[in-house]
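Observations on the three-dimensional arrangement
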Amino acid sequence: MNPGGSAEPRLDLDDIQAHVLPGFGHEHQCLLGWRLPDDDPAPPARGLLAALADRITPASRGLHIRQLRRAARHGRAEAAATTPSSNEPHSSARHGRIDPAVLAEPPALAAAVSARTLRVLGHADVAAIDEAFAVGMARRSYLRDPPSTEWTTGGPGREIDILVVLAGDDPALLADAAATVSGAGTEAGCELVHEQHARRLPGDIEHFGFRDGISQPVLRGVVDDAGTPLVARTPMPPMPDHRAYAAPGDVLLWPGQFLFGLPRQSATDPTRPLPARSVPALARNGSLLVYRKLEQDVAGFYADTARMAAALNTDPADVRAQLVGRRPDGRPLVRPADATSAELNHFGYDTDAPPIPDGPRGATADPDGLRCPLAAHIRKVNPRDQETDKGPSAATLSFAILRRGITYGERYDHDSPGTADERGLLFLCYQTDLTQQFELLAQRWANNPERPRQGLSNGVDLIIGRVTPGTERRATLLAGEVSTMTDYVHPRGGAYLFTPSLSAIRTLSKANAP
Amino acid sequence: MGMLDTPGGVRDLDPQRLAGWSALVSAWMDAMVARTAGQVGGAEHVRFFNPLRTATPGPLAERRISWDAFPRPVAVRYPGDPAGARRAADEFRSLGDYYGVTFYAVRDGQAEEITLRYRPQDEYCEWYAERDPDTGRMLRIVFTSEGHEYWRFLAGGTAAFPSATVPADQRVDGDRAQLLRLYRELVSPRVREEDLYFDTDIAFRRTPDGQLEPYRSRGAYNPYNVWNTERGLAHLTHPENSLYGEISLAAAASVPRAGADGTPVTDAGRLVCCAALGDPNRSSDPTISTDVNDLVRQGLSVTLRDPIGLYITAFDDAAVSGPGGENVASWWRPVRGAGGLTLRAEFAPPPDAPFGLEDVLVNGLPLEYGGQLAEVTTMSLFGAAADLGQPAPAPIPCDHRCCARDDNPDELTLVTIGSQCPPGWHAAFEETPLRQAAAGRLADSTRQAAGSVRLPDLLA
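Keep in mind that what you see is a predicted model, and the values were worked out from it rather than measured. (Residues numbered from 1 in each chain as written. Chains lettered and ligands numbered in written order. Predicted model: local features only at pLDDT ≥ 70, side-chain atom pairs only at ≥ 80, totals over all residues. Heavy atoms only, no water.)

Structural notes on the side chain of B:Glu346
Residue and element names in this part refer to chain B. By secondary structure assignment, the location of Glu-346 is in strand S15 (residues 344-347). With relative accessibility at 8%, the residue Glu-346 sits in the buried group. Within the structure, Glu-346 has its side chain in polar contact with the side chain of Arg-140 (distance 2.7 Å). Glu-346 has contacts with Arg-140, Ile-141, Val-142, Trp-331, Trp-332, Arg-333 and Val-335, leaving out every residue within four places of it along the chain. (Helix = DSSP H or I, 4+ residues; strand = E, 2+ residues; numbered from the N terminus. Buried < 20%, exposed > 50% of the residue type's maximum accessible area, 1.4 Å probe, protein only. Polar contact = N/O pair within 3.5 Å; in protein donor to acceptor, adjacent residues only side chain to side chain. Contact = heavy atoms within 4.5 Å.)

Structure (structure tokens):
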């Protein structure tokens, strides 16, 4: 079913990296960043990419592994092997028995490169594919991040030219793989400037204690000649927000929003695609990666929200939930507290979400933020069906990103406060237009007290929003306005990178540029 | 309320002319109330009001409506190419092409084809990069949000607007000396009075062999004069960037609309298309329309806050820095408009700056185009609402719809209901079969047509 009526494109799952689609769901990850030497940087770049080329995990493999991992986790492996669930990616696992060995197979691997790497390898056209990418994160001053000289990741002299993401469930296997890749990088002549271990917290929560990654766009696209969609579609009634859904809450987006060379999401029509952008062949099936290391001050967050709660004469847990827009287990504030797991994403802000037969109950809209504050993080970065300063709600879909973040550091122990360990989120996301996707969400909306909702000054996103240093951050919550001089999240640096297709990695690793 | 103030509360006028300006704006608002009454079936259903004519219970509730200053209609034609969009936004366009006519200077009975130029910067914000004539280096980048009407009023008084019904005792003459003073103060001391006025009669032809029709008389103020186009910037030039357009849009947007199935049209994109509320490609028009319409659907009556105007309300100074990361936030300076209602601002180095505009970085990119600053500039107008004890009027059907360009569906154009999309365009906002069936049923019913609110000022 395609409510938009346009044919969905074939996705080359053997060419797209699995980190883009469907992402790495493993418990452990290790990020390794290399800087190319100043002198004669091309041979080391080619050397490392050549060593990586055959190890990179394609989307087809990633989908297969994810299917098996989910099935194993839910104790329904046999069922998953024979019956596709309504919202599971298509996978060959549907057609055969699970091989238990797959759960202990080598870690998944992704590789991304900087604009500099592309330039030194003779692909300046791809380096220029996006203005913000070409300039680099360190110079995008309107993000209001600390100056790059203060970065612990990707700062001057430690710029990440090639980033490798390794993921696995067995820490020992992951360490072995990281050592192998590190050796390859060193042998190629690259300098390891960044090594970051990460681990998902139980329940997929982030360090402030809230379940993360609930709302993700679903890509349109088919995976075979028979037209099997990447994600199976549940029959849905026409929705008042005019969008198309794969299932309740799972909004469908055209894949060019995240992968070059494919039809893109329109800013005016939620269902009909824009033609694919004309891009160099090397860019096809590739995607732009934002890597931003965000340290979280858990003690500061809890202390400051307790202070706010006392001033508002309310419960600190309510203040924290209102800053996020969800309760810790993911139930949205827009819905009553008895929301089920199937209802976490089926709601709108401007229009009532209808009940779905044999599915989630309907949800009443909350246009003016009377149940979920307009400044809540989830409203700031995803206004859903609500009109914004950027136009109709359809435009909001064209700003969506694919989030691939993972927590790092040990969980904060509230019984033993004062621990100096660093913890936070490795924010990773994919898109094809950094300015109109990541930067718009972070800069235009999260940092701006009057956007995205028009006409009402609602404050900044107090979770990630940034203002001029030394000035107060303010937000309107349900019981009143709160303000703070405390940042709970501290950007520690990162990079804008390009995650090429597997075929492009092979091309880049060869000596002769086209 | 006794009088409507000048945009930005500027003090260029003597008391008599100030009253004349108020009467002129009031006349426009009256005209808009009358037009709206025609649309909704009588004055009792109108929810747009002239604050000079309608007493409100208590102070008006204000609503700030904001949008991006960079012209979205230009950006949407350059998908994935922001640099291309910035270049295009800096290129003048022909006013004749805009209206589909050819302009002529008529002197001694001889007509000579001329080109009047305007900027395609149509989010009620236009800019101009002033350069050193000897070195070509940028000296300052100036931004304005001031409509042409106020400047035409300075030149010709209320008589410059013959279609506005200003009471005889409130008609006033212009103040050409003041107009010249402003040009010299804001634009260049080299401005000569004769530069500002047409030195011949101006006429136009709708077709190559059509009749010449009068446009402006010799001696009339020329909004497209060289000091407001190629050599400077005094006020807005885009035909749709007007104060009249702002009032017109707010009034038209006060009419609730319903789709073919009777469902209220609330989505910004659909509302603009349904009622032809300006240009569906712009950031400003859909935003203004939807916010006004939203207030009316809540049972409120709406107007524009005095002083009525379009304002430059925010500049994200974090986006700009010196070549070594120096803070250049102070280079942005409002220069016209009182009380935070900025009509004109400029970005220029102080006299002792160790580097110039070309060395400034905007998010890491060298400053080359004013559009880079417009991208981080916010525009606003201020709506006002009051509960006058009247429920929201019943919605009326759509009279227009949008078509999307086949090769770039984010680019929209308006057609009247019942018209086909032009070749190379298709119906925007594809509907479900259910909605399409309802639309077909309604197509057979009688509709009350309402014209586009963007009345070209060609003959105004």
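Considering the sheet that holds strand S20 (residues 400-405) of chain B
All names here are of chain B. Strand order across the open sheet formed by three strands is S21-S20-S22, with antiparallel pairing between neighbours. Bordering the open sheet on either side are strand S21 (408-416) and strand S22 (425-427), each of which pairs with just one other strand. Ignoring which end each strand starts from, the neighbouring axes of this sheet average 40 degrees apart. Taken together, the six bridges between S20 and S21 define a ladder with antiparallel strand orientation. By the bridge assignment for S21, Cys-402 is matched with Leu-414. Relative to the sheet, helix H8 (residues 268-275) contacts S20 and S21, its axis offset from that of S20 by approximately 115 degrees. (Pairing = 2+ DSSP bridges. Axes fitted to C-alpha atoms, helices over the stretch in contact; angles between N-to-C directions.)

What about the pattern of salt bridges?
All names here are of chain A. All chains considered together, the criterion is met by 58 salt bridges over all chains. In this structure, the salt-bridge partner of Glu-439 is Arg-140, at a minimum N-O distance of 2.9 Å. Taken together, the positions of Glu-439 in helix H12 (residues 438-446) and Arg-140 in the loop between helix H6 (131-135) and strand S3 (162-168) put the pair 299 residues apart, joining distant regions of the chain. One exposure class covers both Glu-439 and Arg-140, and it is buried. (Salt bridge = Lys/Arg side-chain N within 4 Å of Asp/Glu carboxyl O.)

What to know about the interface of chain B and chain A
Reports of interface size often rely on the accessible area that becomes lost once the parts have come together. Every contact between the two is made by 47 residues of chain B and, on the other side, 36 residues of chain A. At the junction of chain B with chain A, the criterion picks out six salt bridges. For B:Asp68, the salt bridge identified is with A:Arg444, shortest N-O distance 3.1 Å. On the surface where chain B and chain A come into contact, there are 21 residue pairs in polar contact (both at pLDDT 80 or more). Of all the secondary-structure elements, those providing two or more residues to the side of chain B that touches chain A are strand S1 (61-68), helix H3 (82-89), H8, helix H9 (284-297), S21 and S22 of chain B. A per-element tally of the side of chain B that touches chain A places S1(B) first, with six residues. Of the residues assigned to the side of chain B that touches chain A, the class counts are 18 nonpolar, eleven polar and 18 charged. (Nonpolar A, V, L, I, M, F, W, Y, C, P; charged D, E, K, R; others polar.)

Things to note about the packing of aromatic side chains
Scanning the entire structure with this criterion turns up 28 aromatic pairs over all chains. For the ring pair B:Trp21 and B:Phe153, a centre distance of 5.4 Å and an interplane angle of 70 degrees mean the geometry is edge-to-face. Here B:Phe153 lies in helix H5 (residues 148-156) and B:Trp21 lies in helix H1 (residues 15-40), a separation of 132 residues in the sequence. B:Phe153 carries the same exposure label as B:Trp21, and that label is buried. Taken together, a centroid distance of 5.8 Å and an interplanar angle of 45 degrees make the contact between B:Trp331 and B:Phe347 tilted. Of this pair, B:Trp331 sits in the loop between strand S13 (320-321) and strand S14 (332-336) while B:Phe347 sits in strand S15, and the two are 16 residues apart along the sequence. Comparing B:Trp331 with B:Phe347 shows no difference in burial state: the two are buried. Linked through ring pairs, B:Phe70, B:Trp127, B:Phe143, B:Phe315, B:Trp331, B:Trp332, B:Phe347 and B:Phe355 together constitute an aromatic cluster. Against the face of A:Tyr488 rests A:Arg473, its NZ or CZ located 5.2 Å from the ring centre. Sitting over the face of the ring of B:Tyr215, B:Arg216 holds its NZ or CZ atom 4.4 Å from the ring centroid. (Phe/Tyr/Trp six-rings, centres within 6.5 Å; stacked < 30°, edge-to-face > 60°. Lys NZ or Arg CZ within 6 Å of the ring centre and 35° of its normal.)

Notes on the nonpolar core
Of all hydrophobic cores here, the largest spans 101 residues; its most connected members are B:Tyr183 and B:Phe347. Looking at which element gives the most residues to this core, the answer is H1(B), with eleven residues. Not counting residues up to four positions away in its chain, the partners in contact with B:Phe347 are B:Arg140, B:Ile141, B:Phe315, B:Val320, B:Val328, B:Trp331, B:Trp332, B:Leu357, B:Val360, B:Leu367 and B:Leu373. Counting 92 residues, the second largest nonpolar core, distinct from the first, contains A:Trp151, A:Ala267, A:Val290 and A:Ile505. (Core = buried A, V, L, I, M, F, W, Y, C linked by side-chain atoms within 4.5 Å.)

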